[in-house]
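Close look at the chain arrangement
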Amino acid sequence: MTDTALIEAAQSSKAWPFQEAQRLAKRFPNGKRDADGNLVPVVFETGYGPSGLPHIGTFQEVLRTTLVRRAYEALTGGHPTRLVAFSDDMDGLRKVPDNVPNQEMMAANLNKPLSRIPDPFDKGHESFAHHNNAMLREFLDQFGFDYEFVAASDRYNAGGFDEALKNVLRNYQAIMDVMLPTLREERRKTYSPVLPISQKSGDVLQVPLEVVDAEAGIVRFEDEGEIVEQSILGGQSKLQWKVDWAMRWVALGVDYEMYGKDLTDSGVQSGKIAKILGGRKPEGLIYELFLDAKGEKISKSKGNGLSIEEWLTYGSEESLSFYIFREPKSAKQLHVGIIPRAVDEYWQFRAQLPDQPLEKQLGNPVWHLLRTNQHHEGAEAPGAGDTLPVTYGLLLNLVGVLGAGANHEQVWSYLGNYIHDADPAHHPELNNLVDCALAYNRDFVAPTLVKRAPAANEAAALKALDAALASMAEDTPAEDIQTVVYEIGKDEAHGFENLRDWFKCLYETLLGSAQGPRMGSFIALYGVANSRKLIAEALAKA
């Protein structure tokens with residue numbers, strides 16, 4: 001049953017997926033209709049260049065597009081939608097990727113369509129592009145995305161784009177008038193919207209051409225010193241990508257596609273070409289690009305980015321989705337240091353969700369993320385309100401004091417101090433994060449861990465804490481321990497200007513960290529006796 005309250009809230013929501021969905025709904029005030037007035041699916045598209053393997057940029061674009069798709073469905077009460085994942089696998093190979101085998105074979109196939117180059121991985125795929133397309137589909141399936149895969153090679157080769165290609169030839173000069181002013185003088189001499197595929201070499205040719213017969217799809221151009229006439233239909237050509245982008249929008253009926261800030265000008269030009277071809281530029285968000293830890297643009301050649309495999313080694317899939325959800329129009333740093341906070345913030349928002357009024361729920365990232373894999377009618381979604389019994393930050397601190405040699409079983413034995421049913425089978429999300437914390441500590445914390453010696457006043461406070469812990473049982477509640485920690489920090493005799501200085505002392509002397517958890521929670525988790533040992537080690541340095 002349609003949730004009227006949800007529709008009303010969605011119409012005024014300021015959450016960015018709903019803002020995008022609202023613009024799309026204005027495009028189709030009565031829903032998208034065919035010539036007979038029947039309601040038809042709104043088409044969302046994401047593009048993929050299969051010269052490389054899927055990466056975190058691929059994930060973020062499909063995720064964000066899916067978020068808008070689900071928001072549109074909620075806003076319209078369930079109007080139909082489709083998501084097309086399009087692979088531009090007719091593109092010519094311009095350079096050999098560094099991360100593929102059989103480099104000599106690949107070099108021998110430069111300029112040939114990606115879908116007509118043998119699979120360098122020798123895994124039985126029809127071509128290099130077919131291998132990468134398979135990886136893309138496996139990648140998207142791994143995360144449960146709902147999509148329809150479309151390969152350019154299938155459409156071009158089977159004649160699915162033939163009418164669209166004829167339309168390009170009919171409007172050849174008008175398209176040239178859009179593109180030529182955007183090109184350098186040298187590039188203008190060889191530019192053509194259509195790239196014929198040589199019948200001699202099999203290469204995708206970048207040569208000027210003359211339209212001979214638009215209705216028959218015949219063009220004239222020079223190939224290896226010979227003037228030839230050739231059809232561009234049935235897989236015998238490929239469009240320049242900006243023209244291809246526009247043609248695809250029109251041919252596939254694309255209504256929404258987002259893209260990065262670096263393609264802003266390209267989007268303008270492709271929009272003009274789409275209009276020439278009798279179509280309409282899709283709605284779409286222009287998102288900012290990822291930056292590295294130094295605030296520099298991420299570059300494949302520099303290797304300064306963070307792969308999706310790395311994120312999933314040190315954090316959860318949900319935390320990655322949560323981080324990508326937020327502020328798509330702002331540049332975002334992408335490095336391992338942001339992962340712990342993203343994990344804990346995701347769970348904070350997830351816990352808050354059921355108790356929020358509907359308007360706030362629609363602004364909660366988790367409301368949207370819980371709907372990415374399938375449509376949910378109404379406001380409720382499975383998983384809302386779930387919590388972790390231990391934060392990831394606290395888990396990292398526990399693993400940190402256990403040392404580089406800590407293992408999975410050891411961590412769970414300590415979790416038994418804090419969780420009454422400390423069984424990994426009962427807490428699968430936490431169990432996954434235990435492995436993430438062990439990896440994070442091994443690779444980034446343990447190699448640089450330094451616990452400083454306490455100053456005189458800090459040592460006195462630590463002694464007071466040790467004395468208080470000496471009278472506590474191992475099962476003392478975390479809140480009771482936290483109260484004692486606060487009282488010691490507020491005691492003027494210990495000379496702390498504020499509680500922040502006291503907690504900084506605890507983090508730096510006991511945990512070797514600039515930041516840390518609620519100490520009451522940490523002591524309850526690590527154990528009172530073990531925490532006293534940490535204090536003794538710190539005092540030995542004073």
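Remember, it's a predicted structure, so these values are computed and weren't measured experimentally.

Sheet architecture is open: three strands sit in the order β5-β6-β7, paired in antiparallel fashion. What marks the edges here is a single partner per strand, and that holds for β5 (209-213) and β7 (226-231). Taken pair by pair, the neighbouring strands of this sheet meet at an average axis angle of 30°, ignoring direction. With four bridges connecting them, β5 and strand β6 (residues 218-223) associate as antiparallel partners.

A few words now on the sheet that holds strand β1 (residues 42-48). The strand order across the open sheet built from three strands is β1-β2-β3, with neighbouring strands paired in parallel fashion. Single-partner strands in this sheet number two, and they are β1 and β3 (148-151). Each strand of the sheet is rotated relative to its neighbour by a mean of 30°, with strand direction disregarded. Alignment of strand β2 (residues 81-87) against β3, held across four bridges, turns out to be parallel. In the strand pairing of β3, alanine 85 is matched with phenylalanine 149.

Another point: unusual backbone geometry. With phi around 50°, asparagine 102 is a residue other than glycine that occupies positive phi space. Its location among the elements puts asparagine 102 in the loop between β2 and α4 (103-108). Of note, glutamate 224 is a non-glycine position whose phi angle comes to about 55°, a positive value. Secondary-structure assignment places glutamate 224 in the loop between β6 and β7.

By the definition in use, this model includes 25 aromatic pairs. A centroid spacing of 6.4 Å and a plane angle of 35° characterise the contact between phenylalanine 86 and phenylalanine 161, whose relative ring orientation is tilted. Highlighted residues: phenylalanine 86 in strand β2 and phenylalanine 161 in the loop between α6 (152-157) and α7 (162-170), separated in sequence by 75 residues. Judged by its relative accessible area of 1%, phenylalanine 161 falls in the buried class. With a centroid separation of 5.6 Å and 85° between ring planes, the pair formed by tyrosine 486 and phenylalanine 503 is classed as edge-to-face. Of the two residues, tyrosine 486 is situated in helix α21 (residues 478-490) and phenylalanine 503 in helix α22 (residues 499-511); the sequence distance between them amounts to 17 residues. When its relative accessible area of 32% is taken as the criterion, tyrosine 486 is described as partly exposed. Here a set of aromatic residues connected by ring pairs shows up, and it is made of Phe59, Phe139, Phe143 and Phe145. The cationic tip of arginine 64 hangs over the ring face of tyrosine 287; the distance from NZ or CZ to the ring centre is 5.5 Å. When the ring centre of tyrosine 323 is taken as origin, the NZ or CZ atom of lysine 332, which lies over that ring, is 4.3 Å away.

Turning next to the nonpolar core. In this structure, Leu395, Leu415, Trp502 and Met519 are the most contacted members of the largest nonpolar core, which totals 116 residues. Setting aside anything within four residues of it in sequence, one finds methionine 519 in contact with Gln482, Val485, Phe503, Leu506, Tyr507, Leu510 and Leu511. Counting residues in hydrophobic clusters, the runner-up holds 44 residues, among them Val84, Leu195, Ala214 and Leu239.

This paragraph deals with the pattern of salt bridges. Enumeration according to the criterion identifies 30 salt bridges in this entry. The shortest N-O distance in the salt bridge between glutamate 73 and arginine 69 comes to 3.8 Å. Taken together, the residues glutamate 73 and arginine 69, both in helix α3 (residues 56-75) and four residues apart, mark about one turn of the helix. Assessed through its relative accessible area of 4%, arginine 69 is described here as buried. A salt bridge links arginine 69 to aspartate 146, with the nearest nitrogen and oxygen atoms 3.2 Å apart. Remark: aspartate 146 occurs in the loop between α5 (128-142) and β3 and arginine 69 occurs in helix α3; sequence separation between them is 77 residues.

The rules behind these values
Residues numbered from 1 in each chain as written. Predicted model: local features only at pLDDT ≥ 70, side-chain atom pairs only at ≥ 80, totals over all residues. Heavy atoms only, no water. Pairing = 2+ DSSP bridges. Helix = DSSP H or I, 4+ residues; strand = E, 2+ residues; numbered from the N terminus. Axes fitted to C-alpha atoms, helices over the stretch in contact; angles between N-to-C directions. Phe/Tyr/Trp six-rings, centres within 6.5 Å; stacked < 30°, edge-to-face > 60°. Buried < 20%, exposed > 50% of the residue type's maximum accessible area, 1.4 Å probe, protein only. Lys NZ or Arg CZ within 6 Å of the ring centre and 35° of its normal. Core = buried A, V, L, I, M, F, W, Y, C linked by side-chain atoms within 4.5 Å. Contact = heavy atoms within 4.5 Å. Salt bridge = Lys/Arg side-chain N within 4 Å of Asp/Glu carboxyl O.

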